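Here is what each chain is made of, one letter per residue.
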Amino acid sequence: MSSMNLQVNPAEETIGDKMLSIRFLVTGDSSNGSIAAFELKVAGGSRLLAPAHSHDHYEETIYGVDGVLTWTVDGKAIDVGPGEALCIPRGAVHRFDNKGADDATVLCVVTPAAIGPDYFREIFAMFHAAAGGPPDKASMMEIMRRHRLTPAVPTPV
């Protein structure tokens, strides 16, 4: 039996900016691929720039810590506040927005750990390269697909 090097927040890394940040606590590398967990902070009044998406390889469970995030899952808006949890099943199209004035924080748990910091590093590098302008949609879609996120087809308005 091998000795384990257990530690709190083995993946401690924050990715993002003042509008949206992700702080990875556990990645697949530190959980034998079974779970990834990250803290998501979204500034008040922020709308997610990436399109709604789904993933067929993992569930994503959201636990509200502070403030309220509105998750739209298969077209239904669901507010998640402190002490509330929402499990987004595989294949469900979803997105989130902070419609309130206060910042929001949630804990996101991905099982199994099919996504990790690399996706968020690449997405934020693309946003920063846009220097405040609109992100390159083709690049965003390519990054999402490469990390096994399926962008939703926009519905006509």
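Residues numbered from 1 in each chain as written. Predicted model: local features only at pLDDT ≥ 70, side-chain atom pairs only at ≥ 80, totals over all residues. Heavy atoms only, no water.

### Re the overall build of the protein chain
Here is the rule: Only runs of H or I of at least four residues qualify as helices and only runs of E of at least two qualify as strands under DSSP, and these elements are numbered from the N terminus. Only C-alpha atoms enter the radius of gyration; for comparison, a globular chain is expected to reach 2.2 Å times N to the power 0.38, where N is the number of residues. We call two residues in contact whenever any of their non-hydrogen atoms come within 4.5 Å of each other. Per-residue and other accessible areas were derived by the Shrake-Rupley procedure at a 1.4 Å probe size, with only the shown protein chains allowed to occlude residues. His is not counted, nor are the chain ends, whereas Lys and Arg count as positive and Asp and Glu as negative. Working definition for charges: the position is that of NZ of Lys, CZ of Arg, CG of Asp or CD of Glu.
A count of helical and extended segments in the protein chain gives two helices and eleven strands. Taken from the N to the C terminus, the helices and strands of the protein chain come in the order β-β-β-β-β-β-β-β-β-β-α-α-β. For the protein chain, whose C-alpha radius of gyration is 16 Å, the value lies close to the compact-globule estimate of 15 Å for 157 residues. By its C-alpha atoms, the protein chain is 60 × 35 × 30 Å across when sized along the principal axes. Residue pairs at least 24 apart in sequence account for 64% of intrachain contacts in the protein chain once pairs closer than 6 positions are excluded. Accessible surface for the protein chain amounts to roughly 8800 Å². Of this, 56% is attributable to carbon and sulfur atoms. Taken as two groups, the 13 positive and 19 negative side-chain charges of the protein chain have centres that lie 4 Å from each other.

### Observations concerning the environment of M140
What counts, and what does not: Partly exposed residues are those whose accessible area sits between 20% and 50% of the maximum for their type, while under 20% is buried and over 50% is exposed, using a 1.4 Å probe and protein chains only.
Here M140 shows up in helix 2 (residues 137-146). Residue M140 is classed as buried on the basis of its relative accessible area, which comes to 3%. On a C-alpha basis, the gap between M140 and A37 in space is 23 Å, while along the polypeptide they are 103 residues apart. Excluding residues that lie within four positions of it along the chain, M140 makes contacts with L49, A50, P51, I123, M126, F127 and P135.

### Considering the packing of aromatic side chains
Filter applied, for reference: Working definition: a ring pair exists when centres of Phe, Tyr or Trp rings (six-membered ring for Trp) sit within 6.5 Å. Plane angles under 30 degrees give stacked, over 60 give edge-to-face, the rest tilted.
Under the defined criterion, the tally for this structure stands at six aromatic pairs. Considering the side-chain rings of F24 and F120, the 5.8 Å spacing of their centres and the 55° angle between planes classify their relative orientation as tilted. With a gap of 96 residues between them, F24 in strand 2 (residues 20-26) and F120 in helix 1 (residues 117-129) connect regions that are remote in the sequence. Seen in terms of ring centroids, Y119 and F120 are 5.0 Å apart; in terms of plane orientation they differ by 75°. Their pairing is edge-to-face. The two residues Y119 and F120 agree in class, both being buried.

### Some details on the packing of helix 1 against helix 2
Basically, it comes down to this: Axis definition: a line fit to C-alpha positions, over the contact stretch in the case of helices; interaxial angles, taken between N-to-C directions, run 0 to 180 degrees. Put simply, angles under 35 degrees are roughly parallel, angles over 145 are roughly antiparallel, angles from 65 to 115 are roughly perpendicular, and the rest are oblique. Side-chain classes are defined by residue name, with Ala, Val, Leu, Ile, Met, Phe, Trp, Tyr, Cys and Pro counting as nonpolar, Asp, Glu, Lys and Arg as charged, and the others, Gly among them, as polar.
At a minimum axis distance of 10 Å, the contact between helix 1 and helix 2 shows a crossing angle of 175°. In terms of orientation, helix 1 lies roughly antiparallel with respect to helix 2. Contact residues: Y119, E122, I123, M126 and F127 in helix 1; S139, M140, I143, M144 and R146 in helix 2. Each residue belonging to the contact of helix 1 with helix 2 can be placed in one class, and the counts come to seven nonpolar, one polar and two charged.

### Structural notes on the pattern of salt bridges
Basically, it comes down to this: Salt bridges, as used here, are contacts in which a Lys or Arg side-chain nitrogen is within 4 Å of a carboxyl oxygen on Asp or Glu.
Overall, the coordinates contain nine salt bridges when judged by the stated rule. A salt bridge links E59 to R90, with the shortest nitrogen-to-oxygen separation between them at 2.9 Å. Placement of E59 in strand 5 (residues 59-66) and of R90 in the loop between strand 8 (85-88) and strand 9 (94-97) is noted, with a sequence separation of 31 residues between them. The class for E59 is partly exposed, based on a relative accessible area of 21%. A salt bridge links R121 to D118, with the shortest nitrogen-to-oxygen separation between them at 2.3 Å. Within this pair, R121 and its partner D118 are both found in helix 1, separated by three residues, close to a single helical turn.

### Re the pairing of strand 8
Here is the rule: Should DSSP find at least two bridges between two strands, the strands are taken to pair.
Burial along strand 8 is one-sided: L86 and I88 are buried, and none of A85 and C87, which face the opposite way, are. Where strand 5 meets strand 8, four bridges bridge the pair, whose relative direction is antiparallel. Note on strand 8: the bridge partner recorded for I62 is L86.

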